Amino acid sequence: MTMQYRGHEVVDPNHKLVGTINDVLYDAEGQPTWAVVDVGLLRASHYVPVSVGYTADDGSFVIPFDKRVVTSAPKADRSHTMNPSTESELISYYELQDAR
(Lines give C-alpha, C1' and ligand atoms only; values in the text may rest on other atoms or scores of the structure.)
Protein backbone atom coordinates (compact mmCIF):
# COMPACT_ATOMS: atom_id res chain seq x y z
CA MET A 1 0.00 0.00 0.00
CA THR A 2 1.39 3.37 -0.98
CA MET A 3 0.80 6.17 1.48
CA GLN A 4 -0.05 9.59 0.08
CA TYR A 5 2.19 11.90 2.12
CA ARG A 6 1.57 15.23 0.43
CA GLY A 7 -0.58 17.59 2.46
CA HIS A 8 -0.22 15.64 5.71
CA GLU A 9 0.80 17.44 8.87
CA VAL A 10 4.16 16.53 10.35
CA VAL A 11 4.26 16.35 14.13
CA ASP A 12 6.89 15.62 16.76
CA PRO A 13 6.59 12.74 19.28
CA ASN A 14 4.41 14.98 21.50
CA HIS A 15 2.13 15.68 18.51
CA LYS A 16 3.21 19.33 18.31
CA LEU A 17 3.00 20.63 14.75
CA VAL A 18 6.30 20.76 12.86
CA GLY A 19 4.91 21.57 9.41
CA THR A 20 3.16 20.14 6.36
CA ILE A 21 4.54 17.83 3.69
CA ASN A 22 4.42 19.66 0.36
CA ASP A 23 6.46 17.21 -1.73
CA VAL A 24 8.12 13.80 -1.54
CA LEU A 25 11.32 12.57 -3.20
CA TYR A 26 11.50 8.93 -4.30
CA ASP A 27 14.41 6.58 -4.95
CA ALA A 28 14.98 4.65 -8.19
CA GLU A 29 12.68 1.84 -6.97
CA GLY A 30 9.84 4.30 -6.34
CA GLN A 31 10.13 4.22 -2.56
CA PRO A 32 9.63 7.52 -0.68
CA THR A 33 12.92 8.71 0.80
CA TRP A 34 12.66 12.39 1.74
CA ALA A 35 9.68 14.56 2.59
CA VAL A 36 9.87 18.27 1.82
CA VAL A 37 8.30 19.91 4.86
CA ASP A 38 6.91 23.45 4.82
CA VAL A 39 7.54 24.70 8.37
CA GLY A 40 5.59 27.93 8.17
CA LEU A 41 4.83 31.14 6.37
CA LEU A 42 7.93 32.93 5.05
CA ARG A 43 10.15 30.04 6.17
CA ALA A 44 12.20 27.79 3.90
CA SER A 45 11.13 24.19 3.44
CA HIS A 46 13.37 21.46 4.83
CA TYR A 47 14.01 17.80 4.07
CA VAL A 48 12.92 15.13 6.56
CA PRO A 49 13.72 11.42 6.10
CA VAL A 50 10.56 9.42 5.49
CA SER A 51 12.19 6.28 6.93
CA VAL A 52 12.17 7.60 10.51
CA GLY A 53 8.49 8.47 10.64
CA TYR A 54 5.14 6.75 10.73
CA THR A 55 1.56 7.68 9.98
CA ALA A 56 -0.63 8.07 13.06
CA ASP A 57 -4.29 7.07 13.18
CA ASP A 58 -5.29 10.71 12.65
CA GLY A 59 -3.30 10.87 9.38
CA SER A 60 -0.44 12.98 10.73
CA PHE A 61 3.14 11.92 10.00
CA VAL A 62 5.03 11.51 13.27
CA ILE A 63 8.80 12.06 13.30
CA PRO A 64 11.27 11.67 16.18
CA PHE A 65 12.44 15.30 15.91
CA ASP A 66 11.00 18.58 17.12
CA LYS A 67 10.54 21.64 14.90
CA ARG A 68 13.86 23.14 15.98
CA VAL A 69 15.76 20.11 14.65
CA VAL A 70 13.91 20.25 11.31
CA THR A 71 14.39 24.01 10.86
CA SER A 72 18.12 23.58 11.52
CA ALA A 73 18.41 20.90 8.83
CA PRO A 74 19.66 21.77 5.33
CA LYS A 75 17.02 23.70 3.41
CA ALA A 76 15.16 22.11 0.52
CA ASP A 77 16.15 23.29 -2.93
CA ARG A 78 13.39 25.30 -4.64
CA SER A 79 13.18 22.64 -7.35
CA HIS A 80 12.93 19.92 -4.68
CA THR A 81 15.73 17.96 -6.31
CA MET A 82 18.40 16.24 -4.26
CA ASN A 83 22.06 16.22 -5.22
CA PRO A 84 24.49 13.68 -3.71
CA SER A 85 26.28 16.21 -1.50
CA THR A 86 23.00 17.46 0.01
CA GLU A 87 21.86 13.89 0.59
CA SER A 88 25.16 13.06 2.35
CA GLU A 89 24.81 16.18 4.49
CA LEU A 90 21.26 15.19 5.44
CA ILE A 91 22.22 11.60 6.25
CA SER A 92 24.92 12.95 8.54
CA TYR A 93 22.66 15.63 10.06
CA TYR A 94 19.84 13.21 10.89
CA GLU A 95 22.37 10.51 11.91
CA LEU A 96 20.94 7.99 9.46
CA GLN A 97 22.63 4.82 8.35
CA ASP A 98 23.93 5.45 4.81
CA ALA A 99 22.43 2.52 2.91
CA ARG A 100 24.03 3.38 -0.42
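Before reading on, note that the structure itself is shown above.
Residues numbered from 1 in each chain as written. Predicted model: local features only at pLDDT ≥ 70, side-chain atom pairs only at ≥ 80, totals over all residues. Heavy atoms only, no water.

1. Brief notes about the overall build of the protein chain
And step 1. Tallying secondary structure elements over the protein chain gives 2 helices and 6 strands in all.
And step 2. When the helices and strands of the protein chain are read in sequence order from the N terminus, they spell out β-β-β-β-β-β-α-α.
And step 3. Computed over C-alpha atoms, the radius of gyration of the protein chain comes to 13 Å, within 12% of the 13 Å expected from 2.2 N^0.38 for 100 residues, which places it in the range of a compact globule.
And step 4. Overall, the C-alpha framework of the protein chain stretches about 35 × 35 × 25 Å when taken along its three principal axes.
And step 5. Relative to its full complement of 100 residues, the protein chain shows a buried share of 37%.
And step 6. A sequence separation of at least 24 residues applies to 43% of the contacts in the protein chain between residues at least 6 apart.
And step 7. Just so you have it, the protein chain exposes about 6,300 Å², and 47% of that area is on carbon and sulfur atoms. (Helix = DSSP H or I, 4+ residues; strand = E, 2+ residues; numbered from the N terminus. Rg over C-alpha atoms; globule rule 2.2 N^0.38 Å. Buried < 20%, exposed > 50% of the residue type's maximum accessible area, 1.4 Å probe, protein only. Contact = heavy atoms within 4.5 Å. Areas by Shrake-Rupley, 256 points an atom, 1.4 Å probe, with all protein chains shown as cover.)

2. A closer look at the sheet that holds strand β5 (residues 54-55)
And step 1. Read across the open sheet, the 6 strands follow the order β4-β3-β2-β1-β6-β5; overall the sheet is mixed. Of all strands in the sheet, those bounded by a partner on one side alone are β4 (45-49) and β5.
And step 2. Of the pairings in the sheet, the one linking strand β1 (residues 9-11) to strand β2 (residues 17-26) comprises 3 bridges and is antiparallel in character. Bridging across to β2, V10 finds its partner in G19. (Pairing = 2+ DSSP bridges.)

3. What to know about the packing of aromatic side chains
And step 1. In total, this model carries 4 aromatic pairs according to the counting rule given.
And step 2. Here Y5 and F61 contribute two aromatic rings whose centre-to-centre distance is 5.4 Å and whose plane-to-plane angle is 90 degrees, an arrangement assigned as edge-to-face. You can see Y5 sitting in the segment before β1 and its partner F61 sitting in strand β6 (residues 61-62), a full 56 residues away along the chain. Residues Y5 and F61 agree in their burial class; the two are buried.
And step 3. Relative to Y94, the ring of F65 lies with its centre 4.8 Å away and its plane at 45 degrees, an arrangement referred to as tilted. Pair noted here: F65 is in the loop between β6 and α1 (67-72) and Y94 is in the segment after α2 (84-93), with a separation of 29 residues, a long-range link. Of the two residues examined, F65 and Y94, each falls in the buried class. (Phe/Tyr/Trp six-rings, centres within 6.5 Å; stacked < 30°, edge-to-face > 60°.)

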